[in-house]
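Notes for the structure review
Listed below, chain by chain, are the residues.
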Amino acid sequence: MTVAILDGAARACLACAGAGRAVATADVVLLRRVMLAFLPLVPAVPAALLFVAGPAVALPLGFTLVLSLFLLASVTAFAFARTPGHTGETADAPAIDGFSADACPGLLLRLDAKGLVRAAGGRDREVFFSFLRDPIDRSFVEHVHVSDRLGFVEALADLRAGVDAVAIDLRLDRPMLGLEQSQFMNVRMDMTAVRGVDGALSAVHAQILDIAGEMRIRDEARRMAGEAADAHETKSRFLAAVSHELRTPLNAILGFSDILAGEYFGKLQNDRQREYVGLIHQSGAHLLSVVNAMLDMSKIEAGRYELTLEPFAIAETISHCENMLSLQAKTRGVTLTSRLGRSLGEVVADERAVRQVLINLVGNAIKFTEAGGAVTIDAGIEGGELKLVVSDTGIGIAPEKLTLIGKPFTQIHGELNRRYEGSGLGLSLVKGLTALHGGRFEMTSRPGEGTVVTVTLPADGSGIIAAGDTAGADNKVDFPPRLKAENAVAARTKDEWVHDEAKAKIA
């Protein structure tokens, strides 16, 4: 009867001191033992004081002295019980072949099904206890940053619902800050469910690890990614601005050189003047083509290149490109021919972009083919796809240099003597425009024998929608598209071909 009364009194005192927090049975037992130890002193101390003082002084002084000693003893007992390493706070697992739970890194916790901490251990528990306020028999969620509490509650709900293990990232709040102490601790909490015979959640074993280093790496990676994106955007804007500024004077140079060459306002005095006017026009036209290529590439990189879909006869486009480049091929002593499939009809695509792809591919093939060689354009529709193949008998490309294909301002044959002129933008534009159509780019090359480039596009224009779907919500994909890794290419023999799905930002 006395024990029950003392337990009730102890529970009421602890509940009042804990501001409504759940009272642990171990705490009730501890307080009851202290109360039992001081019960005999309640009459004994006042009675002893009666020998040296009157009742008016001895009785209140005796009761006050007993109560003070009781409170001091209670605080000492609970402080001793809360000390790490004593029964009730740490979960020291029995050693198995010399292994103990205290050897495990981080903080080990045992939670009940409601999320109350019942035991703690682990090698680094002292470090974590600076962020935990008397964790034993308190809800763990009280130690979590308010913004992360919902994640912990959801993880505990998942374990109750039948999930065996859950890992979450949390921030722990430090209750008191020092001069050089951080307010939060970034941790990863790995929770494992312990179930009873009926399958219900009976306990949770959790391991908490400090992930401050990982968070620093994440922040640095985000910062570097942001800087790279800003630099990329700045470069694209710079190219677009410079291209626009250069085209205006170049058009004036070309226009006035045409007027001088046509001798509309007077005859030129001699052939040297006519030669110089022709060189001015030729150089201006070359520079304008480079500027246009830079502008197109910057638009593709920035995701602002707009495609205009329309049905057109692909045979006429190929014939137009062949006529445009036939003089260049004849001048270099190269034979330019085309072979078109019988079923070749209309396709749906951006005609200007397709024409640019053909001009760049055929122009490259002519440039890198010696006199007496041949360049051939093949076209056909197979399985609903337009297949354009440009082959040549030129100098070819070494396998170790295939990784450079498609990089802007990079020439495969870029020796100091500059035998082959150009800006290195041709194949970059080809791959970008192919990607915008949802097509594929393939290349086969053998040094000294020639090169075959194949561009495959959906004949009905459906690839543009598909490419937009795969590009993601922000419509950003890397451009220029990259071929396979350098080590993989280097391992191939010269008879093997390189293939990659071109990727670009979709406007």
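Residues numbered from 1 in each chain as written. Predicted model: local features only at pLDDT ≥ 70, side-chain atom pairs only at ≥ 80, totals over all residues. Heavy atoms only, no water.

1. A short note on the overall build of the protein
Counting its regular elements, the protein contains 13 helices and 13 strands. Buried positions account for 39% of the 507 residues belonging to the protein. Summarising the internal contacts of the protein: among those between residues at least 6 apart in sequence, 63% fall at separations of at least 24. Looking at the protein as shown, the accessible area adds up to about 27,900 Å², and 58% of this sits on carbon and sulfur atoms. (Helix = DSSP H or I, 4+ residues; strand = E, 2+ residues; numbered from the N terminus. Buried < 20%, exposed > 50% of the residue type's maximum accessible area, 1.4 Å probe, protein only. Contact = heavy atoms within 4.5 Å. Areas by Shrake-Rupley, 256 points an atom, 1.4 Å probe, with all protein chains shown as cover.)

2. A look at the pattern of salt bridges
Applying the stated criterion across every chain yields a total of 19 salt bridges. The partner of E142 in a salt bridge is R138, with the nearest N and O atoms 2.5 Å apart. The partly exposed category is assigned to E142, whose relative accessible area is 26%. By relative accessible area, R138 is classed as buried at 12%. For the salt bridge of R188 with E214, the shortest nitrogen-to-oxygen distance reads 2.9 Å. Of the two residues, R188 sits in strand β4 (residues 184–195) while E214 sits in helix α7 (residues 212–262), which places them 26 residues apart along the sequence. Residue R188 is classed as partly exposed on the basis of its relative accessible area of 27%. Three or more residues are tied together by salt bridges with common partners; here these are D169, R188, E214 and R218. (Salt bridge = Lys/Arg side-chain N within 4 Å of Asp/Glu carboxyl O.)

3. Thoughts on helix α9 (residues 314–331)
A rise of 1.5 Å per residue sets the reference length of α9, with its 18 residues, at 26 Å; its end C-alpha atoms lie 26 Å apart and thus fit the reference within 8%. Packed against the buried residues of α9 are β6 (310–313), β7 (335–340), β8 (346–349), α10 (351–367), β9 (374–382) and β10 (385–392). Of the residues trailing α9, G333 is marked for its positive phi of about 75°. (Expected span 1.5 Å × (residues − 1).)

4. As for the nonpolar core
Among the nonpolar cores identified, the biggest contains 45 residues, and I314, L336, V354, L361, V362, V375 and L388 are the most heavily contacted of them. Ranked by the residues each element gives to this core, the list is headed by α10, at nine residues. The contact partners of V354, leaving out residues within four places of it in the chain, are F312, I314, A349, L388 and L457. Among the nonpolar cores identified, the runner-up in size contains 30 residues, and I136, L172, M189 and L201 belong to it. (Core = buried A, V, L, I, M, F, W, Y, C linked by side-chain atoms within 4.5 Å.)

5. Regarding a nonpolar patch on the surface
A surface patch of nonpolar side chains, amounting to about 470 Å² of accessible area, comprises L36, L39, V42, L50, L59 and F63. Mapping L50 onto the fold places it in the loop between α3 (41–49) and α4 (55–82). (Patch = residues over 30% accessible without salt bridge, like charges linked within 9 Å, V, L, I, M, F, W, Y side chains within 5 Å.)

6. A few points about the packing of α9 against α10
Close contact between α9 and α10 brings their axes to 10 Å; oriented N to C, the two are set at 35°. Pair α9 / α10 crosses with right-handed handedness. Contacts from I314, T317, I318, H320, C321, M324, L325, Q328 and A329 in α9 reach E351, V354, R355, L358, I359, V362, G363 and I366 in α10. Looking at the contact of α9 with α10, its residues break down into 11 nonpolar, four polar and two charged. (Axes fitted to C-alpha atoms, helices over the stretch in contact; angles between N-to-C directions. Left-handed = near helix turned anticlockwise from the far one by under 90°. Nonpolar A, V, L, I, M, F, W, Y, C, P; charged D, E, K, R; others polar.)

7. Considerations on the sheet that holds strand β5 (residues 201–210)
Taken together, the five strands give an open sheet; going across it, the order is β2-β1-β5-β4-β3, and neighbouring strands pair in antiparallel fashion. Each edge of the open sheet is held by one strand with a lone partner, namely β2 (117–121) and β3 (165–173). Recorded for the sheet is a direction-independent mean angle of 25° between the axes of neighbouring strands. By the bridge criterion, four bridges tie strand β1 (residues 107–112) to β2 in an arrangement that is antiparallel. If you follow L109 over to β2, its bridge partner there is A120. Taken strand by strand, α7 contacts β3, β4 and β5, and its axis lies near 120° from that of β4. (Pairing = 2+ DSSP bridges.)

8. Overview of the environment of G463
Among the structural elements, G463 can be located in helix α12 (residues 462–470). For the pair formed by G463 and A435, sequence separation is 28 residues and the distance between their alpha carbons is 8.9 Å. Beyond its immediate stretch of four places on either side in the chain, G463 contacts H437, G438 and P458.

9. Here's the deal with the packing of aromatic side chains
With the rule as written, the count across this model stands at two aromatic pairs. When the centroid spacing of 5.9 Å and the interplanar angle of 80° are considered together, the rings of F38 and F70 count as edge-to-face. With F38 in helix α2 (residues 25–38) and F70 in helix α4, this pair connects stretches of sequence that are 32 residues apart. F70 carries the same exposure label as F38, and that label is buried. Between the aromatic rings of F140 and F152, the centroid separation amounts to 5.3 Å while the plane-to-plane angle is 50°, which identifies the pairing as tilted. Residue F140 is located in the loop between α5 (125–129) and α6 (149–161), and its partner F152 is located in helix α6; the two are separated by 12 residues in the primary sequence. For the residue pair F140 and F152, the accessibility class agrees, reading buried in each case. The ring of F184 has R171 sitting right over it, with the charged end atom 5.8 Å from the ring centre. (Phe/Tyr/Trp six-rings, centres within 6.5 Å; stacked < 30°, edge-to-face > 60°. Lys NZ or Arg CZ within 6 Å of the ring centre and 35° of its normal.)

10. Re the side chain of D173
Tracing the backbone through its elements, the reader meets D173 in strand β3. For the buried residue D173, which engages in no salt bridge, the nearest side chain bearing the opposite charge is R149, 5.2 Å off. Beyond its immediate chain neighbours, meaning those up to four positions away, D173 contacts F131, R133, H143, V144, H145, V146, Q183 and F184. (Lys, Arg positive; Asp, Glu negative; His and termini not counted.)

11. Topic: the side chain of N360
Tracing the backbone through its elements, the reader meets N360 in helix α10. Owing to a relative accessible area of 14%, N360 belongs among the buried residues under this scheme. N360 has contacts with G426, L429 and V430, leaving out every residue within four places of it along the chain.

12. A few points about α10
Over its 17 residues, α10 extends 24 Å from the first C-alpha to the last, a length consistent with the 24 Å expected when each residue adds 1.5 Å. Most of α10 sits out of view: 12 of its 17 residues are buried. Residues A353, V354, V357, L358, I359, N360, L361, V362, G363, A365, I366 and K367 constitute the buried set of α10. Put simply, D350 is the residue that caps the front of α10, since its side-chain oxygen is 3.1 Å from the backbone nitrogen of R352. (Polar contact = N/O pair within 3.5 Å; in protein donor to acceptor, adjacent residues only side chain to side chain.)

13. Some words on the confidence of the model for the protein
For the protein, per-residue confidence averages 77 on the pLDDT scale, and 78% of positions sit at 70 or higher. Across residues 414–418, where pLDDT falls below 50, the model places one contact with residues more than four positions away in sequence or in other chains. With pLDDT under 50 throughout, residues 467–507 is counted as low confidence; its partners more than four residues away or in other chains account for 93 contacts. (pLDDT = per-residue confidence, 0-100.)

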